[in-house]
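Structure at a glance
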Amino acid sequence: MSGRPPRPPAQRPRAMEGFPARYGTGGADNRPLFGETSARDRIINLVVGGLTTLLLVVTLISAFVFPQLPPKPVNVFFAFCISLCCISAGILIYWYRQGDLEPKFRNLIYYILFSIVMLCICANLYFHEVGK
């Protein structure tokens, strides 16, 4: 022995007193990351996602069919740009559902989907030559 007094046992920080000591060895932790999703939230997500998807499909079909065949290159480019916006929204939604994003990003996702809906409405008005 070197003559040093023995070390006291390690104590947990005071901030961690209310939490159980789990260091990954206590079995599966099935608690959701952000709390339970309510039925209301699921319905809102399905309605918003469904309407956005429906409007996007109508816009993509309209870009290639209207006003006549073959499609105008500007219409195809407009639809392509809207599709790129949808890819980024889809990635955010995927990350959110995986639990990688905080709940505050849900409002950002709703904003992006609203912007996509507005772009689709503008595109359809342009494709169908409304207002000429």
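The sections below set out a description of the structure shown in this document. (Residues numbered from 1 in each chain as written. Predicted model: local features only at pLDDT ≥ 70, side-chain atom pairs only at ≥ 80, totals over all residues. Heavy atoms only, no water.)

Thoughts on the overall build of the protein
- Along its length, the protein carries three helices and zero strands.
- Across the protein, helices and strands are ordered from the amino to the carboxyl terminus as α-α-α.
- Counting the 132 residues in the protein, one finds 17% classified as buried.
- Considering only residue pairs separated by 6 or more positions, the protein has 64% of its internal contacts joining residues 24 or more positions apart.
- Summed over all atoms, the accessible surface of the protein reaches about 10600 Å², with 66% contributed by carbon and sulfur. (Helix = DSSP H or I, 4+ residues; strand = E, 2+ residues; numbered from the N terminus. Buried < 20%, exposed > 50% of the residue type's maximum accessible area, 1.4 Å probe, protein only. Contact = heavy atoms within 4.5 Å. Areas by Shrake-Rupley, 256 points an atom, 1.4 Å probe, with all protein chains shown as cover.)

Quick notes on helix α1 (residues 39-65)
- Here α1 contains 27 residues, and its C-alpha end-to-end distance of 39 Å stays within 8% of the 39 Å for a straight helix at 1.5 Å per residue.
- All buried positions along α1 are accounted for by Asp41, Thr52, Leu56, Thr59, Ser62 and Ala63.
- Here the buried face of α1 lies against α2 (73-98) and α3 (105-127). (Expected span 1.5 Å × (residues − 1).)

Considerations on the packing of aromatic side chains
- Applying the stated rule across the entire model yields three aromatic pairs.
- For the ring pair Phe78 and Tyr126, a centre distance of 6.5 Å and an interplane angle of 65° mean the geometry is edge-to-face. One end of the pair, Phe78, is in helix α2; the other, Tyr126, is in helix α3, with 48 residues separating them in the sequence.
- For Phe78, a relative accessible area of 23% puts it in the partly exposed group. (Phe/Tyr/Trp six-rings, centres within 6.5 Å; stacked < 30°, edge-to-face > 60°.)

As for the packing of α1 against α3
- Contact geometry for α1 and α3: axes closest at 9 Å, N-to-C directions at 30°. In terms of their interaxial angle, α1 and α3 are classed as roughly parallel. Seen from above, α1 lies across α3 with left-handed handedness. For the pair α1 and α3, contact is made by Asp41, Ile44, Asn45, Val48, Thr52, Leu55, Leu56, Val58, Thr59, Ser62 and Ala63 and by Arg106, Tyr110, Leu113, Ile116, Val117, Cys120, Ile121, Ala123, Asn124 and Phe127, respectively.
- Taken together, the residues of the contact of α1 with α3 sort by class into 14 nonpolar, five polar and two charged. (Axes fitted to C-alpha atoms, helices over the stretch in contact; angles between N-to-C directions. Parallel < 35°, antiparallel > 145°, perpendicular 65-115°, else oblique. Left-handed = near helix turned anticlockwise from the far one by under 90°. Nonpolar A, V, L, I, M, F, W, Y, C, P; charged D, E, K, R; others polar.)

Remarks on the environment of Arg106
- Mapped onto the elements of the fold, Arg106 is located in helix α3.
- Spatially, the C-alpha atom of Arg106 lies 7.6 Å from that of Tyr96, the residues being 10 residues apart in sequence.
- With sequence-adjacent residues up to four places away left out, Arg106 is seen in contact with Asp41 and Tyr96.

All we've got here are geometric facts, nothing functional implied.
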